[in-house]
Every structure is written in C-alpha cells, then in structure tokens.
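The primary structure of each chain is shown beneath.
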Amino acid sequence: MASDTRDGWDIRSEDESPHEGGFRARIEVTTDRGGPHYGELNEQIRRLMDLARYACPEPDETDALLEQVTALNEQLEKVQVDEWHTPAGTRIDLPARGNITLPPYVITTASAEGVTAEVTFRPFHLGGNNAAHGGQVGVAFDDLGGMASALAVNGVTRTAYLTVQYRSLTPLSTPLTCRTWVDKRDGRKAFVKGTLHDGDRLCAELDALFIELKPGQP
C-alpha cells in the first residue's frame, strides 16, 4: 500500500525523511521487505516462543535445542539492519505489522475517529491460570492507543502515561476486540481511552495520555 498523503496510517516515506522523537516523520510502509515468506517466518518465530513457554526438555534435549537455537541466532545475526529498514513494524499485511514483540492483532478500522482491532494473546503471553499477563495487555493498549493518537493528531506521538484497569481475566488463544480512541485533546495532549472485550465481557479499560511531538523532539 503506497500513499503520498498523511490522511492515513499507511504512509510512504523516503530514506531522507527526518526523524521525529526517534521515529521517521514519514514511515516507510511496505509489504515487500523480508520477501513473500516473511509472514510465515514471523509465525514460526511466534510458535517457537509459544512452545518454549511451556517446554520442559530433558537435559540432553536441552543441549540439542541450545545448539539449534544458537545456530539460528548466528544466522539471524548476519541479516541485521537498523530500525528504519527492518520489516518488523512496517509490514501492514501481517498481524501487528510483523512486530513479534507485540501481541498479534489485525486492524478492523483505523481513522482519526479511533482504532478497532482483533487481538489474540498467545501461550507466550501467559500470566497465570490460562490468562494473559497484565503487562501484555498494557503492551497491546500502548500500541493501539498510540495508533489512535497518531491518527487523531496526524503526526508522531509518545506515551506520557498509561493506566490499565483490569475488569476480568483476559483469556489466551481467543480473538478479542480492542478499541482505542482520543477522548479529548488539549494542545499537543491527546487523552486516549480504550476497551478490550471478549464478546460482551469487558476484560480491561485504558486511560492514557499521548503527547504530539515537535519536529526533532526525542
């Protein structure tokens, strides 16, 4: 998806695009980086994380797994790039834009009016008793709340504070509905609200403040 306007979140940029607060003012969004099978690699790495979370290998199996994972890391080390050119975080055709550090989500709607996404917390995100870790819920809210604020101000924002109220257990391996929106603005301040639902059941609520950054502001 290529666009030369700033009326959406799928924005095209140039390599010389200036940085704002540690971000490019115009982020390169592409479905090409990493190749056509990058999404499958992404999923296999997520599955590795899921399986490792519950794995209890015997000592000899641990040694064998260590050897294989070490070899994989050595291979990945050979293809490192800077944050401006990695597919992770810019592949809008993949869950969570291909960023495996985030709980996977798929955007349903995204505009200045707010963001709606389907989020699934995986086994890797376990907190306890088959429920998602509260910190992982916060990570999802932070990313999707940041997206809502960026769309509302049509610029770059950073989190000033983020409060999550946990209303009920957030289940694993279940498609959940997350909605975030800017409740009000005061100058560069964007006050964001959010909800996370399992069907009709409210799992958590978000109250956050994001600040619109000035050009070059860290």
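Residues numbered from 1 in each chain as written. Predicted model: local features only at pLDDT ≥ 70, side-chain atom pairs only at ≥ 80, totals over all residues. Heavy atoms only, no water.

Colleague: Explain the pairing of strand 3 (residues 105-111) here, please?
Modeller: Within a regular beta strand, the side chains point alternately toward one face of the sheet and then the other, so they alternate between its two faces. In the sheet, strand 3 pairs with strand 4 (residues 114-119) via six bridges, with the strands oriented antiparallel. Its bridge partner being in strand 4, Thr 109 is matched across the sheet by Thr 116. Where strand 3 folds back onto strand 4 in an antiparallel hairpin, the turn is made up of two residues. (Pairing = 2+ DSSP bridges. Helix = DSSP H or I, 4+ residues; strand = E, 2+ residues; numbered from the N terminus.)

Colleague: Would you explain the pairing of strand 8 (residues 176-186) in this entry?
Modeller: Sheet analysis places strand 4 next to strand 8, joined by five bridges and oriented antiparallel. Residue Glu 118 lies in a different strand from strand 8, and its bridge partner there is Thr 177. Across nine bridges, strand 8 lies against strand 9 (residues 189-198) in antiparallel orientation. Within strand 9, the residue paired with Trp 181 across the bridge is Lys 193.

Colleague: Help me understand the layout of surface pockets in this model?
Modeller: Rolling a probe over the atoms, with the probe sized like a water molecule, indicates the empty space that remains. Considering only enclosed or pocket space, the second largest pocket measures out at about 540 Å³ in volume. Forming the boundary of the second largest pocket are 18 residues, of which Tyr 38, Leu 76, Gln 80, Thr 86 and Ala 88 lie nearest the centre. When residues of the lining of the second largest pocket are assigned to their parent elements, the largest contribution, five residues, is made by helix 1 (residues 38-54). Of the residues assigned to the lining of the second largest pocket, the class counts are 10 nonpolar, six polar and two charged. (1 Å grid on protein atoms, 1.4 Å probe; cavity = no way out; pocket = protein on both sides within 12 Å on 5 of 7 lines; lining within 4 Å. Points joined across faces, edges and corners; volume = space filled by probe spheres on them. Nonpolar A, V, L, I, M, F, W, Y, C, P; charged D, E, K, R; others polar.)

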